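# What the coordinates show
Now for the letters of each chain:
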Amino acid sequence: MNAMPRIVLAGGSGFLGQLLSSILISKGYEVVVLGRAASQEAGRVHHVQWDGKTVGEWRKALDGVRAVVNLTGKNVNCRHTAENRRAIIDSRVNSVRVLGEAIARSVRPLVR
């Protein structure tokens, strides 16, 4: 029997991530959410802790995944001061960089 295809949602614990998780589960996918909270099972979603800045043990969740969706980033609903703009950009750039590094280190990178 084939295992369910897995999709990783980085920063997927918010509104959009929860909605996307439920749709993916209804389509037969296994969902792994990378987030700041401690690793846990929540219903049919597996939550894995990461910081969005460094490659860690969480990278094992990327082995053999079908897709990675990055929803990570500082909330844009804030005053757009120079400091906040920098934090908004850095939070997105750093998460993409670290996800790329983790995928490159995967035993089985993205599966088609």
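Look up a bit, the structure's there.
An account of the accompanying structure is given in this report.

What counts and how
Residues numbered from 1 in each chain as written. Predicted model: local features only at pLDDT ≥ 70, side-chain atom pairs only at ≥ 80, totals over all residues. Heavy atoms only, no water. Phe/Tyr/Trp six-rings, centres within 6.5 Å; stacked < 30°, edge-to-face > 60°. Buried < 20%, exposed > 50% of the residue type's maximum accessible area, 1.4 Å probe, protein only. Pairing = 2+ DSSP bridges. Helix = DSSP H or I, 4+ residues; strand = E, 2+ residues; numbered from the N terminus. Axes fitted to C-alpha atoms, helices over the stretch in contact; angles between N-to-C directions. 1 Å grid on protein atoms, 1.4 Å probe; cavity = no way out; pocket = protein on both sides within 12 Å on 5 of 7 lines; lining within 4 Å. Points joined across faces, edges and corners; volume = space filled by probe spheres on them.

Before going further, it helps to examine the packing of aromatic side chains. Tallying each qualifying case throughout the model produces 1 aromatic pair. Ring geometry for Trp-50 against Trp-58: centres 5.1 Å apart, planes inclined by 70 degrees, an arrangement best described as edge-to-face. Here Trp-50 matches Trp-58 in class, with each residue buried.

Attention shifts here to the sheet that holds strand 1 (residues 6-10). One open sheet accounts for 5 strands, arranged 3-4-2-1-5; its pairing is mixed. Unpaired on one side and paired on the other, strand 3 (40-42) and strand 5 (67-70) mark the two borders of the sheet. Shown here is a sheet whose adjacent strand axes are inclined to one another by a mean of 25 degrees, direction ignored. The sheet contact formed by strand 1 and strand 5 spans 4 bridges and is parallel.

Attention shifts here to the layout of surface pockets. The computed volume of the largest pocket comes to approximately 720 Å³. Taken together, 30 residues form the lining of the largest pocket, with Gly-11, Arg-36, Leu-71, Thr-72 and Gly-73 sitting closest to its centre. Where the lining of the largest pocket is concerned, the elements lending two or more residues are helix 1 (15-26), strand 2 (30-35), strand 4 (45-49) and helix 2 (82-105). The element best represented in the lining of the largest pocket is helix 2, accounting for 5 residues.

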